[in-house]
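Observations on chain architecture
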Amino acid sequence: MNCWRKPQEAFITLKNIQAHNIMRRKLMKFTFGFVPIVLVSGFFVAGISGGTSCNTYPMVGSSYFISKKHLHADIPLWQNFTENKLVAQVNHRTLATFMTILATYQIGSYLRGASTLTRSAKFASAFLVLALWSQLGVGVKTIWESVPIHMASTHQIGAMTVLTAFVLTMHTCRRVD
């Protein structure tokens, strides 16, 4: 094998290149869509200490979602999503839950039908699903325990793990140049 070749060229063949391209296209929607939005909403929650605003999950008081009574009338609507502690936290956890469930469904349904993915791509996909569910679990536990510092730090580390898992999965499923 040529030393200048990329490592995935040794495993991606004409048989399985189509499977890698499909998986990569499915993951690009998450990587370029959901992940930055969830990360930015998490930055707002951490910046305004929004984790302490509501320690119930999945409920927000007596309902599942925010209502007009949770919005501050003295600031514009868009600022409620960045400066209102409760709205920012509920926005972040709703987006993260939706992303986790949707990514698990997409990856799971594709892995069941595509056995031609390389072993490294399957491992990276499984690692991504594990990282997403672990991060969601840590986030819920952080909310339930009213955001102790060690749980908040663990949640921040988990965010970097999820980002790393997305990059690893996109790398193992990328097309060969």
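Residues numbered from 1 in each chain as written. Predicted model: local features only at pLDDT ≥ 70, side-chain atom pairs only at ≥ 80, totals over all residues. Heavy atoms only, no water.

1. Regarding helix 4 (residues 119–144)
With 26 residues, helix 4 should reach 38 Å at 1.5 Å per residue; the first-to-last C-alpha distance of 37 Å fits that figure. Phi for Ser 146, located one or two positions after helix 4, is positive at around 60°. (Helix = DSSP H or I, 4+ residues; strand = E, 2+ residues; numbered from the N terminus. Expected span 1.5 Å × (residues − 1).)

2. Comments concerning the packing of helix 4 against helix 5 (residues 149–172)
Two numbers describe how helix 4 lies on helix 5: the axes approach to 8 Å, and their chain directions differ by 160°. Taken together, the axes of helix 4 and helix 5 lie roughly antiparallel to each other. Taken as a pair, helix 4 and helix 5 cross one another with a handedness that is left-handed. Residues of the contact of helix 4 with helix 5, tallied by class, amount to 14 nonpolar, eleven polar and one charged. (Axes fitted to C-alpha atoms, helices over the stretch in contact; angles between N-to-C directions. Parallel < 35°, antiparallel > 145°, perpendicular 65-115°, else oblique. Left-handed = near helix turned anticlockwise from the far one by under 90°. Nonpolar A, V, L, I, M, F, W, Y, C, P; charged D, E, K, R; others polar.)

3. Re the packing of aromatic side chains
For the structure shown, the criterion picks out one aromatic pair. Ring centres of Phe 34 and Phe 98 lie 5.5 Å apart, and the angle between their planes is 65°; on these two criteria the pair is classed as edge-to-face. Taken together, the residues Phe 34 in helix 1 (residues 17–47) and Phe 98 in helix 3 (residues 85–113) connect sequence positions 64 residues apart. (Phe/Tyr/Trp six-rings, centres within 6.5 Å; stacked < 30°, edge-to-face > 60°.)

4. Observations concerning the layout of surface pockets
Computed from the structure, the largest pocket encloses a volume of approximately 660 Å³. Every residue lining the largest pocket is counted, 32 residues in all, and those nearest its centre are Gly 42, His 92, Gln 135, His 155 and Gln 156. Of all the secondary structure elements, the ones that give two or more residues to the lining of the largest pocket are helix 1, helix 3, helix 4 and helix 5. Considered class by class, the residues forming the lining of the largest pocket number 18 nonpolar, 13 polar and one charged. (1 Å grid on protein atoms, 1.4 Å probe; cavity = no way out; pocket = protein on both sides within 12 Å on 5 of 7 lines; lining within 4 Å. Points joined across faces, edges and corners; volume = space filled by probe spheres on them.)

5. Thoughts on the pattern of salt bridges
Counting across every chain of the model gives one salt bridge. Put simply, Lys 141 and Glu 145 hold a salt bridge, and the shortest N to O gap is 2.6 Å. Owing to a relative accessible area of 41%, Lys 141 belongs among the partly exposed residues under this scheme. In this structure Glu 145 comes out as partly exposed when scored by relative accessible area, which is 34%. (Salt bridge = Lys/Arg side-chain N within 4 Å of Asp/Glu carboxyl O. Buried < 20%, exposed > 50% of the residue type's maximum accessible area, 1.4 Å probe, protein only.)

6. Here we look at the packing of helix 3 against helix 4
Where helix 3 meets helix 4, the axes come as close as 10 Å, and the angle between the chain directions of the two elements is 155°. Our classification of the angle between helix 3 and helix 4 gives roughly antiparallel. The hand of the helix 3/helix 4 crossing is left-handed. Residue-level contacts link Gln 89, Arg 93, Thr 97, Met 99, Thr 100, Ile 101, Ala 103, Thr 104, Ile 107 and Leu 111 of helix 3 to Lys 122, Ser 125, Leu 128, Val 129, Leu 132, Trp 133, Leu 136 and Ile 143 of helix 4. For the contact of helix 3 with helix 4, a count of residues per class yields eleven nonpolar, five polar and two charged. (Contact = heavy atoms within 4.5 Å.)

7. Some thoughts on the nonpolar core
If you look at the biggest cluster of nonpolar residues, it comprises 25 residues, and the most contacted ones within it are Met 23, Met 99, Leu 128, Leu 132 and Phe 166. For this core, the secondary-structure elements that each account for two or more residues are helix 1, helix 3, helix 4 and helix 5. (Core = buried A, V, L, I, M, F, W, Y, C linked by side-chain atoms within 4.5 Å.)

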